[in-house]
Amino acid sequence: MAYDYPKEKISVYVSDDGGSQVTLFACMEAAKFAYHWLPFCKKNNIIKRSPEAYFATNHSSWSYDMEEIQKMYESMKERIEEVLEKRKVGEEYITEELECKAFSKWTKHGFTRQDHPTVIQVLLESGKNKDATNHLMPNLIYVSREKIKTSPHNFKAGALNVMLRVSATMTNAPIILNLDCDMYSNDPRTPLRALCYLLDPKLKSNLAYVQFPQIFHGINKNDTYSCESKREFCCNLLGLDGMLGPNYVGTGCFFNRRAFFGGPSTIVPPEIPELGPDSVVDKSIQSQSVLDLAHMVAGCNYEYKTKWGYEVGFRYGSLIEDFFTGYRLQCEGWRSIFCSPKRAAFLGDAPISLVDVLKQLQRWSIGGLQVAFSSFSPLSFGTRYLGPLMGLAYAHYCFWPTWFIPLTLYAFLPQLCLLHGLSIFPKLSEPSFILYVFLVLGAYGQDLLEFLIGEGTLQKWWNDQRMWMIKGLSAFGYGCLEFFLKCLGISTYGFGLTSKVIDDEQSKRYGQGMFEFGASSNMFVPLITAAIINLVSFLMGFLQVLRGSKMEGLFLQMFLAGFVVLNALPIYEAMVLRNDKGRIPFKTTATSTCLALALYGLVSLPLGNRN
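Residue indices begin from 1 for each chain and proceed along its sequence in written order. In view of the model being predicted, local features appear only for residues whose pLDDT reaches at least 70, and side-chain atom pairs are presented and counted only at 80 or more, with totals across whole chains, interfaces and linings using the full set of residues. Side-chain numbers come from the whole structure's heavy atoms, not from hydrogens or water.

### A few points about empty space enclosed by the protein
Residues are said to line a cavity or pocket when one of their atoms sits within 4 Å of a point; the points come from a 1 Å grid over protein atoms alone, cavities being sets where a 1.4 Å probe fits but cannot get out and pockets being open sets with protein on both sides within 12 Å along at least five of seven lines. Grid points are joined across faces, edges and corners, and a volume is the space filled by probe spheres set on the points. One pass over the full model with this rule turns up one cavity of 30 Å³ or more. Lining the largest cavity are Ser15, Asp16, Asp17, Val143, Ser144, Arg145, Ala159, Val162 and Met163. Working definition: helices are DSSP H or I runs of at least four residues, strands are E runs of at least two. Numbering for both runs from the N terminus. Ranked by residues supplied to the lining of the largest cavity, first place goes to helix 5 (residues 155-170) with three residues. Ten residue types, Ala, Val, Leu, Ile, Met, Phe, Trp, Tyr, Cys and Pro, are classed as nonpolar, four, Asp, Glu, Lys and Arg, as charged, and the remainder, Gly among them, as polar. Here the lining of the largest cavity is built from residues that sort into four nonpolar, two polar and three charged.

Printed below as a string of structure tokens:
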């Protein structure tokens, strides 16, 4: 809302897919605070225009205005937190008749998160509302689409399509910025940067979107869970920009509205002309006809027998709707641009617990496989419409979770063979041993070099390669398993949201670089099982060395087990040494120990017979 851009040309739509009256109340409070905040930003030429980020910064200059505006902000936060604690908006917080009418829908019987009518509330109207200095304010509209338990809602892609239609009926701006709820603007001139590309006569005819890198704040010193994801959100996007453009990463992206309605040369008309990209809205956003139409297009059954989600709008068919939508748009002939200014355009929150990281990766894994084994597979459909390079680039992401196969094999097979004295790698005296050493040092050396070039540190790289192994033994494997079970009709997908709630103790442990295992999750079981087997095999091999046994043929297996043990130190610590809530639950440790014994016994049968 505080962008350096004509306020009468900005419309902010807040999508609340949970249908929470607390969220609506928070938006109302934000609208009231904006009355003072927008002119304060303009007067003082503030760069960080997220008030939370601004007040968290140490300021060298103090002013009476700053003190007053901070008091207003803290007061607003207190009211919202009080309502959040009560889980409802009491009458003492409602001061106007319009607000009372807005919250009346929640008082009706049967309003639940999964079953409720459409709620569209205009909180600010640019033509009417002005700030404290008598300047126009942007439009601010709260939207919660209709939900009925018996109707499919297509997760985030469905919510985004509702936003496309509602915004078309009310303002229909040609440029759309999509931003996740846990991100904030870090540069007030970002729209001007995007418009440099979107309005360029040489580009605009086939430019679908301008993607900014996804950058996170609040990550601890050594990035314990490798949440920066520089390869995925920075390096790879820069590389793709040299071909047909970066993939869409779900947030921090400016879209050309026209791109959602067919290819650059052939438009797919919507079912009603008011939703078309060239439609002009000449009525007030609070006029009854506009609101009636907005409610209609936000209905849960509106898309029935239409092209929404398949040829129009954000695309359905994958849990990673952002990746799939960007891919489909490029296959239709659209191109994209990667814009990475020195000052980050947006900053977002990263998960601070291991289970949240793995759940997010599991969802990405399932979504990638859905695309890989669909009729739009990058290996066939992608290479035909995008060419072999872009097709293989998208295939790299789609088949990413299949890395669990070699990672799982290397985590268990050499170590179990080591326990039985069986050599599966070349001996030190064999020429092929040099090849193995070259491959290991070459792969890890290249990975380290790329990481350091990307302004990473040695400790961050160590955590990054550790997380790569953790992902392979947990999220990737579980994602593949759930996908193939769904193919057999055994399970159903769930859109797991990443938690945005931060516990103080958990945050403190994260700041200290400690792994968070407190939540009970099946994904921890293979990790702990691998840690136990590698530790036992390494210790048994080391005892053999101390006894004078010749271990020439088992050196590589011992080295591999020792490398895994070194990476698994946080797991051993959480199993035995820690007493905080982030330690590994005893039940998980016991399950993993039993599984390790069972796995050892299972492998002992064929290997014992062979010996």
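### Examining the UniProt feature "transmembrane region" (unreviewed entry) in the protein chain
UniProt positions are given in the numbering used here, feature names are shortened, and annotations may be inferred rather than shown by experiment. Feature annotation in UniProt assigns "transmembrane region" (unreviewed entry) to the following positions: residues 394-413, 433-454, 475-495, 523-542, 554-572 and 584-603. The distance from the first to the last C-alpha atom of residues 523-542 is 30 Å, and the span holds 95% helix and 0% strand. Across residues 584-603, the secondary structure splits into 90% helix and 0% strand, with the terminal C-alpha atoms separated by 27 Å.

### Observations regarding the domain arrangement of the protein chain
The domain limits used here are those given by an automatic or database domain assignment. When the domains of the protein chain are assigned, the result is domain 1 (1-149), domain 2 (151-350) and domain 3 (407-609). In this assembly, 17 residues from domain 2 lie in contact with 21 residues from domain 3. It is Thr224, Tyr225 and Arg231 in domain 2 that bury the most area against domain 3; as a group they hold 34% of the surface buried on that side. Any carboxyl oxygen of Asp or Glu within 4 Å of a side-chain nitrogen of Lys or Arg constitutes a salt bridge here. The tally of links between domain 2 and domain 3 comes to three salt bridges. Ionic pairing is found between Glu228 and Lys460, a salt bridge with its closest N-O pair at 3.2 Å. Counting of polar contacts relies on pairs of N or O atoms within 3.5 Å, with two restrictions inside protein: one atom must be capable of donating a hydrogen and the other of accepting it, and residues adjacent in sequence are counted only when both atoms are side-chain atoms. Linking domain 2 with domain 3 are seven residue pairs in polar contact (both at pLDDT 80 or more), by the criterion used here. Of all the secondary-structure elements, those providing two or more residues to the side of domain 2 that touches domain 3 are helix 5 and helix 7 (230-241). Here the residues of the side of domain 2 that touches domain 3 sort into four nonpolar, five polar and eight charged. We call two residues in contact when some of their heavy atoms are within 4.5 Å. Accessible-area loss on putting two parts together, using a 1.4 Å probe and summing over both, is the definition of buried area adopted here.

### With respect to the packing of helix 13 (residues 404-419) against helix 15 (residues 458-473)
For any two helices packed against each other, one specifies the inter-axial angle together with the distance between the axes. Lines fitted to the C-alpha atoms define the axes, with helices restricted to the stretch that makes contact. Angles between their N-to-C directions range from 0 to 180 degrees. At a minimum axis distance of 8 Å, the contact between helix 13 and helix 15 shows a crossing angle of 100 degrees. In terms of axis orientation, helix 13 runs roughly perpendicular to helix 15. Here Phe404, Leu407, Thr408, Ala411 and Phe412 of helix 13 lie close against helix 15, whose contacting residues are Trp468, Gly472 and Leu473. Residues that form the contact of helix 13 with helix 15 fall into these classes: six nonpolar, two polar and no charged. Any angle between 65 and 115 degrees counts as roughly perpendicular, while under 35 counts as roughly parallel, over 145 as roughly antiparallel, and the rest as oblique.

### A closer look at the sheet that holds strand 4 (residues 175-178)
Hydrogen bonds between backbone groups are what pair the strands of a sheet, and the pairing can be parallel or antiparallel. Paired strands are those between which DSSP finds at least two bridges. Ordered in space as 4-8-6-9, the four strands form an open sheet in which the pairing is mixed. Both edges of this open sheet fall to strand 4 and strand 9 (335-338), since each of them pairs with a single strand only. Across the sheet, the axes of successive neighbouring strands diverge by a mean angle of 20 degrees, strand direction being ignored. With three bridges joining them, strand 6 (residues 207-211) and strand 8 (residues 253-256) adopt antiparallel strand pairing. Within the sheet, the bridge partner assigned to Gln211 lies in strand 8 and is Cys253. Against the sheet, helix 7 engages strand 6 and strand 9, with an angle of about 130 degrees to strand 9.

### Side note on helix 3 (residues 64-86)
An expected span of 1.5 Å times one less than the residue number is assigned to each helix. In a regular helix each residue adds 1.5 Å, so 23 residues correspond to 33 Å; helix 3 covers 34 Å between its end C-alpha atoms and thus fits that length. In this structure, the buried side of helix 3 is in contact with helix 1 (21-44) and helix 2 (51-55).

### A look at the environment of Ser151
Along the chain, Ser151 falls in the loop between strand 3 (139-144) and helix 5. Burial here depends on accessible area, computed with a 1.4 Å probe over protein chains only, as a share of the maximum for the residue type. Under 20% is buried, over 50% is exposed, and the range in between is partly exposed. Residue classification places Ser151 among the buried positions, given a relative accessible area of 12%. Between the C-alpha atoms of Ser151 and Glu67, which are 84 residues apart in sequence, the distance is 50 Å. When sequence neighbours within four positions are dropped, the list of residues in contact with Ser151 reads Cys300 and Asn301.

### A few points about the layout of surface pockets
A volume near 1,800 Å³ is recorded for the second largest pocket. Along the wall of the second largest pocket there are 50 residues; nearest its centre are Leu407, Ala443, Tyr444, Trp468 and Met469. Where the lining of the second largest pocket is concerned, the elements lending two or more residues are helix 7, helix 13, helix 14 (432-453), helix 15, helix 18 (524-546) and helix 19 (555-567). For the lining of the second largest pocket, the class distribution of residues is 32 nonpolar, eight polar and 10 charged. Here the lining of the second largest pocket spans two domains, since at least three of its residues come from each of domain 2 (151-350) and domain 3 (407-609).

### Comments concerning the nonpolar core
Buried Ala, Val, Leu, Ile, Met, Phe, Trp, Tyr and Cys residues that are joined via side-chain atoms within 4.5 Å together make up what is termed a nonpolar core. If you look at the biggest cluster of nonpolar residues, it comprises 44 residues, and the most contacted ones within it are Tyr225, Leu354, Leu358, Phe517, Phe524 and Ile571. Broken down by secondary-structure element, the contributors of at least two residues to this core are helix 7, helix 10 (354-372), helix 13, helix 15, helix 16 (475-487), helix 18, helix 20 (569-577) and helix 21 (586-610). In terms of residue count, helix 18 provides more of this core than any other element does, seven residues in total. Shared between two domains, this core holds at least three residues of each, these being domain 2 (151-350) and domain 3 (407-609). Once residues within four sequence positions are removed from consideration, Ile571 is found in contact with Phe517, Leu527, Ile528, Ala531 and Ile584. Tyr209, Phe260, Leu291 and Tyr316 belong to the second-largest nonpolar core, a separate cluster that totals 39 residues.

### Digging into the packing of aromatic side chains
In this scheme Phe, Tyr and Trp rings, the latter by its six-membered ring, pair at centre separations within 6.5 Å, and the angle between planes marks the pair as stacked below 30 degrees, edge-to-face above 60, and tilted otherwise. Per the counting criterion, the structure on display carries 50 aromatic pairs. Look at Tyr54 and Phe55: their rings are 5.2 Å apart centre to centre, the planes differ by 65 degrees, and that puts the pair in the edge-to-face class. For Tyr54, a relative accessible area of 9% gives the class buried. On the basis of an interplanar angle of 40 degrees and a centroid distance of 4.6 Å, the ring pair of Phe381 and Tyr385 is categorised as tilted. Here Phe381 and its partner Tyr385 are both found in helix 11 (residues 378-386), four residues apart, which amounts to about one turn of the helix. With a relative accessible area of 14%, Phe381 lands in the buried category. Three or more aromatic residues link up through ring pairs in this structure, and these residues are Phe33, Trp37, Phe40, Tyr54, Phe55 and Tyr73.

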